[in-house]
Structures are given as structure tokens and as C-alpha cells.
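Chain by chain, the residues:
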Amino acid sequence: MDIQQTLFTQIMQLVQSSSRISIVTHINPDGDAIGSSLAWAGVLRQLNKTVTVITPNNCPDNLQWMQGYSEILKFDTQKQEVLDCLLHTELFFCLDFNNLSRLEELGESILKSTAPHVLIDHHPNPECFAKVAISVTEASSTSELVYHTIIGCGYEQYLNTQIAESLYTGIITDTGGLSHNSGRPELYHIIAHLLQKGINKTAIHDIIFNVFSYDRMKLLGTILKDNFVFMPEYKTAYMYITIENQKLHNFQLGDSEGFVNYPLAIKDVVFCALFTEYENNTTKVSFRSKRQFPANEFSAKYFNGGGHLNAAGGRRACSLHDAINAFENGLHSFKELLLKS
Ligand code: 5GP
Ligand code: MN
């Protein structure tokens with residue numbers, strides 16, 4: 001991967017001259033957000049830095065086994081502790097997002113600090129707020145970029161089993177278990193190195209992917225049976241989760257993780273969406289696509305969102321019904337692109 005050595009040198013210098021470092025990642029943190037943040041925290045702590053990982057809110061249960069999870073500060077429930085920590089922060093690492101809006105309210109608090117920011121991320125179109133940026137769209141995950149940063153900065157001696165486990169988790173969660181965004185041979189050299197560090201690949205896949213509760217499985221059944229619409233004329237399918245569905249199936253954070261991928265298993269689907277209804281008249285949408293159809297452009301245009309070419313998300317302040325209408329209208333303008341994708 002082509003990352004200039006000068007970027008690593010700048011990061012090393014910033015790390016050397018700071019003793020209190022905060023690592024921040026995006027709202028509703030996923031395996032890559034948590035995995036990359038905890039891995040990098042694990043390295044910096046071995047350099048005797050005081051490191052705090054800050055997230056806007058908590059992550060799903062299946063990520064809470066990673067080393068360092070219990071010390072994460074969550075802005076929604078530990079606001080005062082986070083604000084105190086920000087006051088003393090000398091250096092920020094911003095991992096797995098490139099736009100401060102992805103931090104929601106936490107973003108404003110971070111901007112009040114004068115400490116420099118280092119961005120490590122793989123999303124397209126970075127906002128310019130960082131002093132140093134490792135921003136590589138071709139990377140499978142931010143965890144892959146943190147691996148390169150560890151090696152590039154000469155910190156390989158600190159890459160222990162726990163750090164390797166966190167990095168591997170980030171890589172497999174952002175690639176759907178190495179099914180997409182994971183075709184570069186170099187990635188498998190990295191994975192080989194992580195395996196040499198003693199990670200248990202089978203156990204990690206099991207902890208990450210085989211974690212459905214009975215309620216969650218029944219929710220998936222309900223959605224596939226009753227809330228699933230196929231529109232072959234647009235090579236598109238969508239699903240939705242109502243508040244009523246959530247109540248009926250005792251919905252917990254992370255319960256719909258991965259549901260959005262199911263419609264892609266239909267041969268003729270190139271684009272799909274999952275709508276989730278919220279109490280405050282907001283609808284969150286996740287998008288997935290195949291080949292060259294730009295899910296991120298669609299999301300930016302109709303749902304104030306963004307993300308990657310094949311995996312994007314956004315939200316709209318409207319009812320579920322209106323969000324679905326906006327989506328169907330959007331399909332019409334993207335029809336030509338959908339049919340040739
Ligand atoms: P997911 O569907 O798993 O929530 O998100 C898929 C991808 O879309 C992630 O890479 C994430 O960064 C991006 N994404 C999800 N929600 C939003 C959003 O509200 N705004 C932006 N800009 N990106 C999003
Ligand atoms: Mn990521």
C-alpha cells in the first residue's frame with residue numbers, strides 16, 4: 001500500500017511529543033471502529049502514553065470482548081468524563097470516519113480543543129480538519145491502515161496477540177468476513193502476520209458472526225417474510241424495521257447488523273436498502289450495492305449520508321413511509337445506472 005513514509009514520521013513525532021492522547025471514532029461504532037481504535041490504543045499504551053478511547057455511544061455486545069473495551073468512554077453516558085478528558089488531550093487520533101458530523105454532538109466538543117488531529121481512515125472524500133491524514137480509500141478497513149501505521153512507525157514490537165485480534169476483527173467486519181473489499185493480495189500478507197501473532201481465527205469469526213439471540217433471529221424472519229420488497233424493474237430490493245417490529249422482538253443495539261446484506265443474495269439485485277424507524281420521526285437507512293453502483297452517492301443525494309461505493313448509510317428526518325417514498329423516487333433518477341450495473 002502506497003503510504004508516504006513522511007506521514008508515519010510525522011505521526012511518530014506527534015506521538016513522541018504528547019503524553020495524553022485521545023482516540024475517537026464514529027457513532028454506532030462497528031467492528032472496524034472499535035477494533036482499529038483499541039489496537040492503536042494498545043500500541044500507544046505500551047509507549048507509556050495516557051490513552052483514552054472515546055466513542056459517541058456504545059457498541060454491540062459481540063465487540064465487547066476486545067482488550068481495552070472496558071476503559072472506553074462513551075459520550076452519551078459519560079459526558080462529563082469525556083469533557084474533562086478533552087481538556088487535557090494533547091493529540092487526537094480520528095479513526096474510521098473522515099467527517100466530524102459522524103461524531104454528532106461529540107464533534108463540536110472536539111473542535112473546541114486546540115490539540116492537533118491525526119486522521120486514519122478509508123472512506124472517500126475526507127473533510128479537511130486533520131494536521132496529518134492517512135486516508136486511503138482502497139484499504140479494506142481502518143484496521144488495515146492502523147496495521148500499516150504500526151509497521152511504518154517502527155512499533156512492530158508492540159503488535160501482540162490482543163492487538164492482532166482487534167485488527168483482525170476490524171478487517172473481517174468491514175469486509176463481510178473477507179467477502180468484499182478484500183481482493184488485494186497484500187491484505188493476506190497482513191492476515192498471515194496477524195495469524196503469526198497467535199490469533200484464533202475460528203474463535204473470532206464465531207464471536208463476531210454467530211451471536212444471534214433467538215429474538216434477533218425471529219426479527220430477521222419477520223422482516224424477510226413481511227417487510228421485504230423486490231423491485232426487479234430497478235434491480236433493487238429493500239427491507240424495513242418498524243418500531244412495532246422492534247418492540248415485538250425485544251430489539252437491542254446491533255440486532256439488525258448484517259440484515260441489509262440479505263437482498264444482495266438475489267441474483268438480479270444490484271442495490272438494496274434497510275430502513276429503520278425511530279421514535280423521533282427519523283428514519284435511518286443502510287445501503288449496499290454490487291459492482292459499480294454508487295450506494296454512497298445515492299445516500300448523499302437523498303439521505304444526508306455517505307460511505308463507500310458498495311456500503312453506505314444515512315438518515316432523514318421523516319417517517320418511515322416518507323423515507324421509502326424518497327427512496328423509490330430516487331431509484332427513478334438512478335434507473336439507467338441501476339440497469340447497466
Ligand atoms: P452501515 O450500513 O453499516 O451503518 O454503514 C455502512 C457504511 O456507511 C459505513 O462505512 C459508514 O461509515 C457509512 N455510513 C453509515 N451511516 C452514515 C451516515 O449517516 N453518514 C455517512 N456519511 N456515512 C454513513
Ligand atoms: Mn471502516
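Residues numbered from 1 in each chain as written. Chains lettered and ligands numbered in written order. Predicted model: local features only at pLDDT ≥ 70, side-chain atom pairs only at ≥ 80, totals over all residues. Heavy atoms only, no water.

## Considering the coordination of the manganese ion (ligand 2)
By definition of the ideal shapes, a tetrahedral metal site with four donors has angles of 109.5 degrees and an octahedral site with six donors has angles of 90 or 180 degrees. Put simply, the rule reads: Here the term donor refers to an N, O or S atom within 2.8 Å of the metal (or 3.2 Å for Na, K and Ca), and because water is left out of the atoms, sites may appear incomplete. Helix and strand assignments come from DSSP, with helices taken as H or I runs of at least 4 residues and strands as E runs of at least 2, each series counted from the N terminus. For the exposure calls, accessible area comes from a 1.4 Å probe over protein chains only, and a residue counts as buried if that area is under 20% of its type's maximum, exposed if over 50%, partly exposed in between.
Taken together, Asp32 (OD), Asp96 (OD), His122 (NE2) and Asp174 (OD) make up the protein donors of the manganese ion (ligand 2), found 2.2 to 2.4 Å from the metal. As a motif over one chain, the donors of the manganese ion (ligand 2) read D-x63-D-x25-H-x51-D. Of this pair, Asp96 sits in the loop between β4 (91-95) and α4 (105-111) while His122 sits in the loop between β5 (117-121) and β6 (132-135), placing them 26 residues apart in sequence. The same class applies to Asp96 and to His122, which are both buried.

## Quick notes on the sheet that holds β6
Inclusion rule: Paired strands, as defined in this entry, are two strands with at least two bridges between them according to DSSP. We call two residues contacting when some pair of their heavy atoms lies within 4.5 Å. Fitting a line to C-alpha atoms yields each axis, with helices limited to the stretch in contact; the angle taken between N-to-C directions then spans 0 to 180 degrees.
Taken in spatial order, the six strands line up as β3-β2-β1-β4-β5-β6 in an open sheet, and their pairing is parallel. Both edges of this open sheet fall to β3 (73-74) and β6, since each of them pairs with a single strand only. Of the strands in this sheet, β1 (20-25), β4, β5 and β6 are in contact with helix α1 (residues 5-16), which crosses β6 at around 130°. Contacts from helix α2 (residues 31-46) reach β1, β2 (50-55) and β4, with the element oriented near 170° to β2.

## Points about the domain arrangement of the chain
Counted only if it meets this: Where each domain begins and ends is defined by an automated method or by a domain database. In short, buried area is how much 1.4 Å probe accessible area vanishes from two parts on joining, totalled over both. Salt bridge, as used here, is a side-chain nitrogen of Lys or Arg placed within 4 Å of a carboxyl oxygen of Asp or Glu. Nitrogen and oxygen atoms within 3.5 Å of one another constitute a polar contact, given that in protein one can donate a hydrogen and the other can accept it, and given that sequence-neighbouring residues count only through two side-chain atoms. Classification convention: Asp, Glu, Lys, Arg as charged; Ala, Val, Leu, Ile, Met, Phe, Trp, Tyr, Cys, Pro as nonpolar; all other residues, Gly among them, as polar.
We note that the domain assignment places domain 1 (5-209) and domain 2 (215-340) within the chain. Relative placement of domain 1 and domain 2: their C-alpha centres are 27 Å apart. Between domain 1 and domain 2, a total of about 640 Å² is buried, with carbon and sulfur atoms accounting for 55% of that surface. Sorting the residues of domain 1 by area buried against domain 2 places Asn28, Pro60 and Pro124 first, and these three jointly supply 45% of that buried surface. Here domain 1 and domain 2 share zero salt bridges between them. Put simply, domain 1 and domain 2 have one residue pair in polar contact (both at pLDDT 80 or more) between them. Tallied by class, the residues present in the side of domain 1 that touches domain 2 amount to three nonpolar, four polar and one charged.

## A look at helix α7 (residues 185-196)
Stated formally: The length a helix should cover is 1.5 Å for every residue beyond the first. Directions from the helix axis toward the C-beta atoms define the arc.
With twelve residues, α7 ought to run about 16 Å at 1.5 Å a step, and its terminal C-alpha atoms sit 17 Å apart, in line with that. Listed in full, the buried residues belonging to α7 are Leu187, Ile190, Ile191, His193 and Leu194. The buried residues of α7 occupy one face: seen down the axis, they fall within an arc of 155°. Of the exposed residues in α7, those oriented more than 90 degrees away from the buried face are Pro185, His189 and Gln196. After α7 finishes, the residue Gly198 shows a positive phi value of roughly 95°.

## Some words on the pairing of β1
In plain terms, the rule: Throughout, right-handed denotes a crossover for which the path from the first strand over the helix to the second runs clockwise when the strands point away from the viewer.
In terms of residue burial, β1 counts as a mostly covered element, since five of its six residues are buried. Sheet topology places β1 next to β2; five bridges connect them, and they run parallel. Across the sheet, residue Arg20 finds its bridge partner in β2, namely Thr50. Handedness of the crossover joining β1 and β2 through α2 is recorded here as right-handed. Relative to β4, β1 runs parallel, the two being bridged by five bridges. The residue bridging Thr25 from the neighbouring strand is Leu95, located in β4.

## Some thoughts on the side chain of Thr55
Within the secondary structure, Thr55 is located in strand β2. Here Asn57 takes part through its backbone oxygen, which lies 2.9 Å from a polar atom of the side chain of Thr55. If near-sequence neighbours (up to four positions away) are discounted, Thr55 is found in contact with Thr25, Pro29, Ile34, Ile72, Leu73, Lys74, Phe75 and Leu106.

## So, the sheet that holds strand β11 (residues 306-307)
The sheet built from six strands is open, its strands ordered β7-β8-β9-β10-β12-β11 with mixed pairing. Of all strands in the sheet, those with a lone pairing partner are β7 (228-231) and β11, marking the two edges. Of the strand pairs in this sheet, strand β9 (residues 271-277) and strand β10 (residues 283-289) are connected by seven bridges, and their pairing is antiparallel. Residue pairing for β10: Cys272 is matched across the bridge by Arg288. Strands β7 and β8 (236-241) of the sheet are contacted by helix α9 (residues 214-226), whose axis makes an angle of about 130° with β8. Packing against the sheet, helix α12 (residues 320-333) makes contact with β7, β8, β9, β10 and β12 (311-316), and its axis sits at approximately 165° to β9.

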